Amino acid sequence: TQLRTNATMQLAAIEQISYDEFIHSIPKFTLISLFHAQPLNGVQMLEVNPQLCMWIIELLCGGLDLRATHKNKEFNLSDKKNFTDMELALLEGLMQDFISAFKTVWKDIVKLKTELDGLDTNPQMLQNMSPNEPVILVTFTVKIFDYSTFINLCIPYVFFEGIIDKLSFRNWFNSNKQIDQNDSRDLQRSLNSVELDVN
């Protein structure tokens, strides 16, 4: 809805690698949003390549004659070393939506308070973890029109240390689990705002 066009996002891969491998697998100029999720430990990173960032900025600003002339548009980023303040402001809003979605997908396991720590464009300068620290790399494919690319989510192992016991299948599918009244209220509140034509 933000981009006012169809954007498809699918899970492509999940793998465990070292932090050093992750840093060397992404471009030298890219957008990295750093965020943390209390009460769990560690800093999570979301990496979005600059080509996709420019597509998003164009769409957010109402640019591109969408379906006709720019189906295979490529932005020339060979001389670009950083994003402008205005571009970063637009991208920050989108990153806030991503980390809000991150909080939502974990809510059945642990209630998180996610907060964006900042945006960076040079992964080589980041020193959030030791090079050998294990991380989970989650890769998503993103498709907008005919343009397809990847978004990478890097989660350090320390994030999972406090919740490993909650990640078992038995915990997820426990039939004795009590119904949470807050969930019922949230569902009812969401349904109340749906407009219907009654004939």
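See above for the structure.
Residues numbered from 1 in each chain as written. Predicted model: local features only at pLDDT ≥ 70, side-chain atom pairs only at ≥ 80, totals over all residues. Heavy atoms only, no water.

### A few points about a nonpolar patch on the surface
Part 1 of the reasoning: Taken together, the side chains of Leu187, Leu191, Val194, Leu196 and Val198 present a nonpolar region at the surface, about 580 Å² in accessible area.
Part 2 of the reasoning: Turning to its location among the elements, Leu196 is positioned in the segment after helix H6 (181–192).
Part 3 of the reasoning: Classification of Leu196 as exposed rests on a relative accessible area of 70%. (Patch = residues over 30% accessible without salt bridge, like charges linked within 9 Å, V, L, I, M, F, W, Y side chains within 5 Å. Areas by Shrake-Rupley, 256 points an atom, 1.4 Å probe, with all protein chains shown as cover. Salt bridge = Lys/Arg side-chain N within 4 Å of Asp/Glu carboxyl O. Helix = DSSP H or I, 4+ residues; strand = E, 2+ residues; numbered from the N terminus. Buried < 20%, exposed > 50% of the residue type's maximum accessible area, 1.4 Å probe, protein only.)

### Structural notes on the sheet that holds strand E4 (residues 113–120)
Part 1 of the reasoning: Strand order across the open sheet formed by six strands is E1-E5-E6-E3-E2-E4, with antiparallel pairing between neighbours. Only two strands of the sheet have a single partner each, and these edge strands are strand E1 (7–18) and E4. Each strand axis lies, on average, 20° off the axis of its neighbour in the sheet, ignoring direction.
Part 2 of the reasoning: Sheet topology places strand E2 (residues 31–38) next to strand E3 (residues 43–48); six bridges connect them, and they run antiparallel. (Pairing = 2+ DSSP bridges. Axes fitted to C-alpha atoms, helices over the stretch in contact; angles between N-to-C directions.)

### Section: helix H2 (residues 50–60)
Part 1 of the reasoning: Across the 11 residues that make up H2, a large majority, nine, are buried.
Part 2 of the reasoning: Contacts from the buried residues of H2 go to E2, E3, helix H3 (85–105), strand E5 (134–144) and strand E6 (147–156).
Part 3 of the reasoning: Of the residues that open H2, the one with a side-chain oxygen 3.1 Å from the backbone nitrogen of Gln51 is Asn49.
Part 4 of the reasoning: Count one or two residues on from H2 and you reach Gly62, which has phi positive near 80°. (Contact = heavy atoms within 4.5 Å. Polar contact = N/O pair within 3.5 Å; in protein donor to acceptor, adjacent residues only side chain to side chain.)

### With respect to H6
Part 1 of the reasoning: An ideal rise of 1.5 Å per residue puts 16 Å on 12 residues; H6 measures up with 16 Å between its terminal C-alpha atoms.
Part 2 of the reasoning: Here H6 lies mainly on the outside; zero of its 12 residues are buried. (Expected span 1.5 Å × (residues − 1).)

### Things to note about the nonpolar core
Part 1 of the reasoning: In this structure, Leu52, Phe102, Trp106, Leu112, Ile144, Leu153 and Phe159 are the most contacted members of the largest nonpolar core, which totals 39 residues.
Part 2 of the reasoning: Of the residues forming this core, the biggest block, seven residues, is contributed by H2.
Part 3 of the reasoning: Beyond its immediate stretch of four places on either side in the chain, Leu153 contacts Phe35, Met45, Leu46, Phe102, Ile136, Leu137, Val138 and Phe140.
Part 4 of the reasoning: Counting residues in each nonpolar core, the second largest holds 13 residues, with Ile17, Leu34, Met45 and Met129 among its members. (Core = buried A, V, L, I, M, F, W, Y, C linked by side-chain atoms within 4.5 Å.)

### Here we look at unusual backbone geometry
Part 1 of the reasoning: Put simply, Gln38 and Pro39 share a cis peptide bond, and its omega is 10°.
Part 2 of the reasoning: In this structure, Pro39 sits in the loop between E2 and E3.
Part 3 of the reasoning: The phi torsion at Arg4 lies on the positive side, around 55°, for a residue other than glycine.
Part 4 of the reasoning: Looking at the element boundaries, Arg4 is found in the segment before E1.

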